[in-house]
Amino acid sequence: MSRDALKIVTIGGGSSYTPELIEGYIKRQDQLPIKEIWLVDIEEGKEKLEIVGEMAKRMVKAAGLDWRVYLTLDRQEALKDADFVSTQFRVGLLEARVKDERIPLSHGVLGQETNGAGGIFKALRTIPVILSIIEDMKELCPDAWLVNFTNPAGMVTEAAIKHGGWAKTAGLCNVPIGHRKQAAEKLNVPEEDLFFKFAGINHFHWHRVWDKAGNERTDELIDLIYGPQNEQESHLKNIWDAPFHYEQLKDLGLLPCGYHRYYYIEDEMLQHSVEEFKRGETRAQVVKETEAKLFDLYKDPNLDYKPKELEQRGGTHYSDAACELIASIFNDKRTDMVVSTQNNGTITDLPYDCVVEVSGPVTSHGHEPYNWGSFPPAARGVIQNMKGMEETVIKAAITGSYGAALHAFTVNPLIPGGTMAKTILDELLIAHKDHLPQFKESIEKIEATQPETVAYVTELMKTN
């Protein structure tokens, strides 16, 4: 790694999040001796790459920096001799997310970006791509760090580490950042004066909180945030803030992740999603409108800073977290962060070599998670089931096994088993066939024997 001329590459550089990434680097200009930033995208994303890339150049220029910003569709050109590679891509673009949400919801089953059937299919499309990126990195930048915040971040990171063999991988999510800020606000204590321990898997973690005097404040925060006298407000822009059951959280004694709503209060969350679907307002459809407005802003030749409107996109703090992680590795800062990393015994209830999302300092050699130990039985049972589901999804993504994909659907608690699971699986395979070459034989079989499935998907997607 160059100590005085860093080359940083972002795959998915045409993302609407890129201005926050550039802002994060600019904020850390004294910590990161950047020479080159490469923004990489695919042909379908060329227009967005050019728009956001030109804005990135304006931001760097406005900051008075001599960094060179390159825009390219040639991934291998960008990766050569890179020091850090961040990934924020979406296979199939937002149209794929629309399918992930609308097809299950048309059957009254949750469709969501990282949970349920939609989350499984995002992983099936994404994991082969992250593995192909790693193959390029092995040849072109064998010493680089891979910083992944492509969703579903936990499964993508596990595939990179366990199956791609890229140990220098860290997965990031913005959700824990929001929970930290929420706790500080509720306790009226500076965030840096609190100590947090997060443990679980991506979008399925719990956490505990202590103050500087050594007092645990977890139980107090459960009361302050979820108590019956309080109005429960989610800090997540992309999740409806239906109220948790206070008694359930009080019994567990752990603070939940916002995404636990899909599991702890499944009926209410599902009904809300179905109503959005009927109105033509699924999250993906709303995000498409938000993105269109953002890129209209980004086209302004006078805009040389991150606009406030980006905070409405749903992933605020993602990119800043990536910049801090890179700075912490490069400078051995040991910043306390929540990272998806290999378990190595941190959570005794899960396999040693699986990937978990946990707290700990980020050092020059990577993340060093704090020991968590075991979960209470109520949490242990569900997280073991979810991890088994994730491992099965990864197997299906790599092998193209229809049986593994169906098993993952059956194990997932948000998907009804039996005929319904198979119906939705087949429909999503047809909908995403252009991005699932590993399932070619299964898709051809469905097309040959189930013309009604093909017709259903075609008709449904006409009403996008």
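All values derive from a computational prediction rather than experimental measurement.

### As for the overall build of the protein
Phase 1: Of the regular secondary structure elements, the protein holds 18 helices and twelve strands.
Phase 2: The globule rule puts the C-alpha radius of gyration for 464 residues at 23 Å, and the 22 Å found for the protein is close to it.
Phase 3: In terms of principal-axis extent, the alpha carbons of the protein reach across some 60 × 55 × 40 Å.
Phase 4: When burial is assessed residue by residue, the protein has 59% of its 464 residues classed as buried.
Phase 5: A separation threshold of at least 6 residues defines the contact pool for the protein, and within that pool the share at least 24 residues apart is 71%.
Phase 6: On the protein, roughly 18600 Å² of surface is accessible, and the fraction owed to carbon and sulfur atoms is 48%.
Phase 7: Side-chain charges in the protein split into 51 positive and 70 negative, and the spacing between the mean points of these groups amounts to 2 Å.

### Remarks on the layout of surface pockets
Phase 1: Considered as a void within the structure, the second largest pocket measures approximately 410 Å³ in volume.
Phase 2: I177, R180, E191, D336 and M337 are the residues nearest the centre of the second largest pocket, which is lined by 16 residues in total.
Phase 3: For the lining of the second largest pocket, the secondary structure elements donating two or more residues are α7 (175–187), α13 (318–331) and β10 (335–342).

### Here's the deal with the packing of helix α5 (residues 116–140) against helix α6 (residues 153–163)
Between two packed helices, what matters for the description is the angle formed by their axes and the separation of those axes.
Phase 1: Two numbers describe how α5 lies on α6: the axes approach to 9 Å, and their chain directions differ by 35 degrees. Between α5 and α6 lies a crossing whose hand is right-handed. Along the contact surface, α5 presents G119, A123, T126, I127, I130, L131 and I134, while α6 presents M155, V156, A159, A160 and H163.
Phase 2: Its residues placed into classes, the contact of α5 with α6 shows nine nonpolar, three polar and no charged.

### Some thoughts on the environment of Y17
Phase 1: As for its position among the elements, Y17 is in the loop between β1 (6–11) and α1 (18–27).
Phase 2: The class for Y17 is buried, based on a relative accessible area of 13%.

### Remarks on empty space enclosed by the protein
Phase 1: One pass over the structure, following the stated rule, counts two cavities of 30 Å³ or more.
Phase 2: When its volume is computed, the largest cavity comes out at roughly 110 Å³.
Phase 3: The wall of the largest cavity is formed by 14 residues, among which T114, N115, N202, M386 and E390 lie closest to the centre.
Phase 4: No other element matches helix α14 (residues 377–399), which puts three residues into the lining of the largest cavity.
Phase 5: Among the residues forming the lining of the largest cavity, the class breakdown is six nonpolar, seven polar and one charged.

### Structural notes on unusual backbone geometry
Phase 1: Of the consecutive residues N151 and P152, the connecting peptide bond is found in the cis state with omega at -10 degrees.
Phase 2: Structurally, P152 is set in the loop between β5 (145–148) and α6.
Phase 3: Backbone geometry at L93 places phi at a positive 55 degrees, although glycine is not the residue there.
Phase 4: Positive phi is not limited to glycine here, since N344 has a value of about 50 degrees.
Phase 5: Residue position: N344 is located in the loop between β10 and β11 (355–363).

### Things to note about the pairing of strand β8 (residues 204–211)
Phase 1: The buried fraction of β8 amounts to seven of the eight residues, a majority that puts the element mostly inside the structure.
Phase 2: Here strand β7 (residues 194–201) folds back onto β8 in antiparallel fashion, the turn holding two residues, of which H203 has a positive phi close to 65 degrees.
Phase 3: Looking at chain direction, β8 and strand β9 (residues 255–256) are connected through two bridges and run antiparallel. Counterpart to H207 in the pairing with β9 is L255.

### Comments concerning the domain arrangement of the protein
Phase 1: The domain boundaries assigned to the protein delineate domain 1 (6–103 + 114–172 + 284–331) and domain 2 (397–462).
Phase 2: If you average the C-alpha positions of domain 1 and of domain 2, the two centres end up 29 Å apart.
Phase 3: Counting residues at the interface gives 20 residues for domain 1, matched by 21 residues for domain 2.
Phase 4: Interface area for domain 1 against domain 2, summed over the two sides, is near 1800 Å², with a carbon-plus-sulfur share of 80%.
Phase 5: Area buried by domain 1 at its contact with domain 2 is led by I103, F121 and L124, which between them contribute 38% of it.
Phase 6: On inspection of domain 1 and its partner domain 2, the count reaches zero salt bridges.
Phase 7: Where domain 1 packs against domain 2, one counts four residue pairs in polar contact (both at pLDDT 80 or more).
Phase 8: Counting only elements with at least two residues in the side of domain 1 that touches domain 2, the list comes to α4 (93–105) and α5.
Phase 9: No other element matches the ten residues that α5 contributes to the side of domain 1 that touches domain 2.
Phase 10: Along the lines of polarity and charge, the residues of the side of domain 1 that touches domain 2 split into twelve nonpolar, four polar and four charged.

### Examining the UniProt feature "binding site: Mn(2+)" (unreviewed entry) in the protein
Phase 1: The UniProt feature table records "binding site: Mn(2+)" (unreviewed entry) at C173 and H203. Despite a sequence span of 31 residues, these residues sit close together in the fold, their greatest C-alpha distance being 8.3 Å. In the annotated set above, the residues contributing to the lining of the largest cavity are H203.
Phase 2: Mapped onto the elements, C173 comes out in the loop between β6 (169–171) and α7.
Phase 3: By secondary structure assignment, the location of H203 is in the loop between β7 and β8.

Analysis parameters
Residues numbered from 1 in each chain as written. Predicted model: local features only at pLDDT ≥ 70, side-chain atom pairs only at ≥ 80, totals over all residues. Heavy atoms only, no water. Helix = DSSP H or I, 4+ residues; strand = E, 2+ residues; numbered from the N terminus. Rg over C-alpha atoms; globule rule 2.2 N^0.38 Å. Buried < 20%, exposed > 50% of the residue type's maximum accessible area, 1.4 Å probe, protein only. Contact = heavy atoms within 4.5 Å. Areas by Shrake-Rupley, 256 points an atom, 1.4 Å probe, with all protein chains shown as cover. Lys, Arg positive; Asp, Glu negative; His and termini not counted. Charge placed at Lys NZ, Arg CZ, Asp CG, Glu CD. 1 Å grid on protein atoms, 1.4 Å probe; cavity = no way out; pocket = protein on both sides within 12 Å on 5 of 7 lines; lining within 4 Å. Points joined across faces, edges and corners; volume = space filled by probe spheres on them. Axes fitted to C-alpha atoms, helices over the stretch in contact; angles between N-to-C directions. Left-handed = near helix turned anticlockwise from the far one by under 90°. Nonpolar A, V, L, I, M, F, W, Y, C, P; charged D, E, K, R; others polar. Pairing = 2+ DSSP bridges. Domains from an automatic or database assignment. Buried area = accessible area lost by both parts, 1.4 Å probe. Salt bridge = Lys/Arg side-chain N within 4 Å of Asp/Glu carboxyl O. Polar contact = N/O pair within 3.5 Å; in protein donor to acceptor, adjacent residues only side chain to side chain. UniProt positions renumbered as here; feature names shortened; annotations may be inferred.

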